[in-house]
Amino acid sequence: MLAVAGASGGAVALSGPTLVQRLGLTQAEAAEAPPAPPAVLGPLPANAPRPTTAGLSQTLDGAADAMPGTFTGVVVDPSTGNTLWQHTPEKALVPGSTGKLLTVSAALLTLNPTDTLVTRVVQGSQPGTVVLVGGGDPTLTTLPPGRNSVYPGAPRMSDLAAAVRKAVPGPITRVLVDTSRYKGPSMAEGWDPADVAAGFITPIEPVMVDGGRIDPTEQDGPRVDDPALAAGRALAQDLGADPKNVSEGTAQPGAKSLASVHSLPITDLVEQLLRASDNVLAEVLAREVAIARGGEPTFDGAAQQTLAALRQAGFDPTGAVLHDGSGLSTEDRVPARLLGSLLGAAAAPVEGPDGTEFLRPVLSGLPVAAGDGTLEDRFRSGPSGPGRGVVRAKTGTLTGVSSLAGIVTDADGRLLVFALMSNGVNPSSIRPKLDAMAALLSGCGCR
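In this report, we go over the structure that sits alongside the text. Everything numeric here is computed off the predicted structure, so don't read it as measured data. (Residues numbered from 1 in each chain as written. Predicted model: local features only at pLDDT ≥ 70, side-chain atom pairs only at ≥ 80, totals over all residues. Heavy atoms only, no water.)

On a plain count of helices and strands, the protein comes out with twelve helices and 14 strands. Counting over 447 residues, the protein shows a buried share of 51%. Residue pairs at least 24 apart in sequence account for 67% of intrachain contacts in the protein once pairs closer than 6 positions are excluded. Looking at the protein as shown, the accessible area adds up to about 19,200 Å², and 52% of this sits on carbon and sulfur atoms. (Helix = DSSP H or I, 4+ residues; strand = E, 2+ residues; numbered from the N terminus. Buried < 20%, exposed > 50% of the residue type's maximum accessible area, 1.4 Å probe, protein only. Contact = heavy atoms within 4.5 Å. Areas by Shrake-Rupley, 256 points an atom, 1.4 Å probe, with all protein chains shown as cover.)

In structure tokens form, the structure reads like this:
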């Protein structure tokens, strides 16, 4: 967490006084003050006072007790890992998209942060046939050079097609799509099929373009219900083949590689995922964690391996139940304590090879209050206004579900981690209360 240090001006040095000036017969000409130096970024003070449990209780208990529905929350000091405040910590609630914090933490602890997701095209077994092989990247875009999709820096289908045309001397008449990297159902338990048309999700397959979006530039625009075949049709069109002549198939073992394109590194994908709360990216990374750990690349396998990765890294996932990697399922359950411990580790000082530095992209990907991502339109005024630009947090919203988990700098310059969760209340009425609670932390020393 970085803090902005304000500039301070020095005293203005005046020229030496003359005898006339000393007698007060004339006024010395004032020297022009030097320009103020620009504000610079600097670390938070290492010796900032720590809030006390009593101070936090005095500040937060009233707001917590007044929360409608079922509420749970924690505040953690990342420098020590100690929980400074908690409310009904035994409850594990539906997390909504704060469940993505489990997925990205497992991904950063399991996958090489510089690795990329690769989409390949290989030679088919019949003349004029190529096979589009999914490698898990949903960011591949159909937009031409010079236009950006919702995934900045995404690889382009046009580049993949150009490389294929260069590698294949004759005409290409057929495209097969290999989705064998992932197994099982493409929609998770607790998902609403209407969410595909609503733009929140698409069936999870290892190859797609623009996250299955119909409009590559619209974050929550309508999606297709056959993303892998849609990607195959896009490739066929760029290759001059008939898009109607696209079907599922499997690449032959040892098939000649014709071309490939790469996603951004895993760390960049994590930041994009958190900032926009991208469900498809979260599901893909959860499956990649399962593959890397030798599990089944299914919803169940991804959930099991996500929790196993966290447990192996020293976190306690007791009480957590996952049915997907995005938090879109209404069957997920996560304790606030676990969210707090993950964020606390990401924000902890690095003192030796404990692995916490690999979790830093969790912090850099968190939306900024009233600044960007899913917090762009929150913390702008009212009781939550003091948290503007100071709070960074992951949001979670479903019907009757609202959660907020992130970091905040208090009035003394101490970095704190918080996780606040609510079930059973309309998000439109509870979100302002959660935001106000986070803002209370930003305005208090709580000692």
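Turning next to the nonpolar core. Core analysis: the biggest nonpolar cluster contains 64 residues, and Leu-101, Leu-102, Leu-339, Leu-343 and Val-362 have the highest contact counts within it. It is helix H10 (residues 336-347) that provides the largest number of residues to this core, a total of eight residues. The contact partners of Leu-102, leaving out residues within four places of it in the chain, are Thr-306, Leu-307, Leu-310, Leu-322, Val-334, Leu-338, Leu-339 and Leu-342. By size, the runner-up hydrophobic cluster in this structure holds 27 residues, among which are Met-67, Phe-71, Val-75 and Leu-420. (Core = buried A, V, L, I, M, F, W, Y, C linked by side-chain atoms within 4.5 Å.)

Our focus in this paragraph is the layout of surface pockets. In this structure, the largest pocket encloses a volume near 780 Å³. Residue lining of the largest pocket: 32 residues in total, with Ser-97, Phe-200, Asp-220, Ser-277 and Thr-397 positioned closest to the centre. Every element with two or more residues in the lining of the largest pocket is listed here: helix H7 (266-276) and strand S12 (392-398). No other element matches the five residues that S12 contributes to the lining of the largest pocket. (1 Å grid on protein atoms, 1.4 Å probe; cavity = no way out; pocket = protein on both sides within 12 Å on 5 of 7 lines; lining within 4 Å. Points joined across faces, edges and corners; volume = space filled by probe spheres on them.)

Glancing now at the sheet that holds strand S10 (residues 257-262). One open sheet accounts for five strands, arranged S9-S8-S7-S6-S10; its pairing is mixed. Here the strands that pair on one side only, and so sit at the sheet edges, are strand S9 (246-248) and S10. Averaged over neighbouring strand pairs, the angle between their axes works out to 20° when direction is ignored. Pairing analysis gives four bridges linking strand S6 (residues 118-123) to strand S7 (residues 129-133), with the strands arranged antiparallel. Directly across from Arg-120, in S7, lies its bridge partner Val-133. The sheet contacts of helix H4 (residues 157-167) involve S6, S7 and S10, and relative to S10 the element is tilted by about 165°. Of the strands in this sheet, S6, S7, strand S8 (174-178) and S9 touch helix H6 (residues 227-239), which is tilted by about 150° from S8. (Pairing = 2+ DSSP bridges. Axes fitted to C-alpha atoms, helices over the stretch in contact; angles between N-to-C directions.)

Moving on, we come to H10. Here H10 contains twelve residues, and its C-alpha end-to-end distance of 16 Å stays within 8% of the 16 Å for a straight helix at 1.5 Å per residue. Summarising burial for H10: ten of the twelve residues are buried, a large majority. Taken together, the buried positions of H10 are Ala-336, Leu-338, Leu-339, Gly-340, Leu-342, Leu-343, Gly-344, Ala-345, Ala-346 and Ala-347. (Expected span 1.5 Å × (residues − 1).)

The next subject is unusual backbone geometry. Negative phi characterises most residues that are not glycine, and trans characterises most peptide bonds. The phi dihedral of Thr-88 falls on the positive side, at around 40°, and the residue is not glycine. Along the chain, Thr-88 falls in the loop between strand S4 (82-87) and strand S5 (92-93). A relative accessible area of 22% means that Thr-88 is categorised as partly exposed.

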